[in-house]
Amino acid sequence: MSETRVHGADARTAHQDLHSEQGALRGEHPGRSRNPVIKVADLAWLEFEKPDLDRAEVFARDFGFQVAARTERELWLRGTFAGSPCMVIRRGRTSRFIGPAFRAAERADLDRLARATGSAVRDVDGAAVPGGGRAVDLLDPSGFPVRVVHCGERLPALPGQHPPLLNFGTEHPRTNATQRPPREPSRIQRLGHVVLETRVFGRALDWYLDTLGMIVSDFLFLDGQRDRGPTMAFIRCDLGSVPADHHTLAMHLGPGTGYVHSAYQVTDLDSIAAGGEYLKERGHKRSWGIGRHIQGSQLFDYWRDPDHFMLEHFADGDLFSCDLEPGWAPMSTSGLAQWGPPATRDFLGASPSPRRVRDVIEALRGDNELDPARLLGLLRAANS
Ligand SMILES: [Fe+2]
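Residues numbered from 1 in each chain as written. Predicted model: local features only at pLDDT ≥ 70, side-chain atom pairs only at ≥ 80, totals over all residues.

With respect to the pairing of strand S18 (residues 299-304)
The element S18 is largely enclosed, with a buried count of 5 among its 6 residues. The sheet contact formed by strand S17 (residues 285-293) and S18 spans 6 bridges and is antiparallel. Across the sheet, tryptophan 288 pairs through a bridge with tyrosine 302, a residue of S18. In terms of strand pairing, S18 meets strand S19 (residues 310-315) through 6 bridges, oriented antiparallel. Residue pairing in the sheet places phenylalanine 300 in a bridge with phenylalanine 314 of S19. Once S18 ends, the chain turns through 5 residues before running back antiparallel as S19, passing histidine 308 with a positive phi of about 75°. (Buried ≥ 20, exposed ≤ 12 C-beta atoms within 10 Å, placed from the backbone. Helix = DSSP H or I, 4+ residues; strand = E, 2+ residues; numbered from the N terminus. Pairing = 2+ DSSP bridges.)

A look at the environment of serine 142
Along the chain, serine 142 turns up in the loop between strand S9 (133-139) and strand S10 (145-151). Each C-alpha atom, one on serine 142 and one on glutamate 74, is 26 Å from the other, the two residues being 68 residues apart in sequence.

Details of helix H2 (residues 107-117)
All of the buried residues along H2 are Asp109, Leu110, Leu113 and Ala114. Along the long axis of H2, the arc covered by the buried residues comes to 135°, so they all point the same way. The outward face of H2, more than 90 degrees from its buried face, is lined by the exposed residues Ala108 and Arg115. On the buried face of H2, the contacting elements are strand S8 (121-124), S9 and S10. (Arc of directions from axis to C-beta. Contact = placed C-beta atoms within 7 Å.)

Let's talk about the sheet that holds strand S22 (residues 337-339)
Overall, mixed pairing links the 10 strands, which are arranged S21-S12-S13-S15-S11-S16-S19-S18-S17-S22 in an open sheet. Looking along the sheet, the strands with just one partner apiece sit at the ends: strand S21 (327-330) and S22. The mean angle between the axes of side-by-side strands here comes to 25°, regardless of whether they run parallel or antiparallel. Relative to strand S16 (residues 258-265), strand S11 (residues 190-198) runs antiparallel, the two sharing 7 bridges. Bridge assignment links leucine 196 to a residue of S16, and that residue is tyrosine 259. (Axes fitted to C-alpha atoms, helices over the stretch in contact; angles between N-to-C directions.)

A look at the sheet that holds S8
Spatially, 8 strands are ordered S4-S5-S6-S3-S7-S10-S9-S8 in an open sheet, and the strand pairing comes out mixed. Only two strands of the sheet have a single neighbouring strand rather than two, namely strand S4 (66-70) and S8. Strand-to-strand twist of the sheet, defined as the mean angle between neighbouring strand axes without regard to direction, takes the value 30°. In this structure, S9 lies alongside S10, joined through 7 bridges in antiparallel fashion. Paired with leucine 138 across the strands is valine 146, a residue of S10. Of the strands in this sheet, S8, S9 and S10 touch H2, which is tilted by about 30° from S9.

Geometric descriptors of this kind do not, in isolation, establish any biological role.
Written out as structure tokens, the structure reads:
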């Protein structure tokens with residue numbers, strides 16, 4: 001592997017010991033666009049519909065959200081950090097994920113985006129959108145409505161949880177005092193990322209890179225099929241020299257099209273664990289955790305809400321500036337975590353439901369990127 005010199009000192013490339021064993025091979029996907037339309041700054045919020053807003057609010061509070069606004073038709077949820085709300089749940093006939101809203105860095109980016117995509121800039125309506133907002137509504141190649149928003153103001157910060165004072169080895173900053181992390185809901189700080197499944201992974205990936213200027217942190221490929229390109233990408237925002245979350249969006253090829261999970265940052269491991277005990281006591285269902293991921297390094301704990309949507313508490317994730325190039329690794333279940341219990345069938349979506357079987361049949365018949373070899377590769381990865 002090559003070494004580069006920065007300011008006269010030896011600097012290592014991204015692939016040396018940092019986040020991947022391997023970088024790209026010649027001719028592989030570069031993981032970024034040469035000339036994107038805009039560069040989004042972050043996710044703003046996620047949009048859902050559910051028939052029962054009261055039930056949604058009970059889970060949301062148990063999970064650690066604060067209610068930013070509640071009307072007859074809308075429930076806006078937020079974290080303690082200043083900024084935009086994390087999620088809006090609108091009253092609807094069925095429980096479904098509508099799509100992500102990304103945050104434009106500047107108001108002028110919306111005009112540029114609208115011009116390039118032939119769309120319009122319009123007002124965002126919502127009880128918790130601070131200072132009024134403007135948005136451009138798009139459709140990604142998977143068929144997801146993707147909204148890019150710019151809000152006039154930020155929601156102010158709320159009091160958060162404080163990390164406890166920890167004793168390490170011979171360093172004892174805490175003496176004559178006990179450690180009692182309260183068994184209470186974790187306090188969500190902010191929305192971290194959303195993970196989507198798509199039958200048109202390659203097209204959708206290029207769309208997010210070309211249109212929203214996002215860049216790839218890590219690619220995964222199917223074992224033995226690397227020459228056919230990646231089938232999963234962890235994608236971050238390009239904030240230049242300012243480090244951004246390892247992934248704000250992750251996407252993988254699969255027979256379904258839809259939401260996989262979304263993740264919310266909390267203070268630390270104690271908050272994840274004590275908040276998890278609280279969720280368990282309240283009768284909620286853990287999907288998988290607690291553990292530490294490989295791609296992104298987050299401490300994680302996955303839960304199911306009453307509508308079976310998966311939500312993640314995370315802490316201590318990686319942040320990369322724009323100059324790190326993508327890592328490449330084979331897709332496998334054992335490669336999901338550095339430590340923790342084995343990934344559950346629930347987390348992997350491996351239990352064959354009638355809907356899953358229908359998705360597979362439909363995907364194999366349709367005009368998309370899933371074929372029998374790739375399906376077999378995905379099944380092998382789920383069992384490896
Ligand atoms: Fe995640």
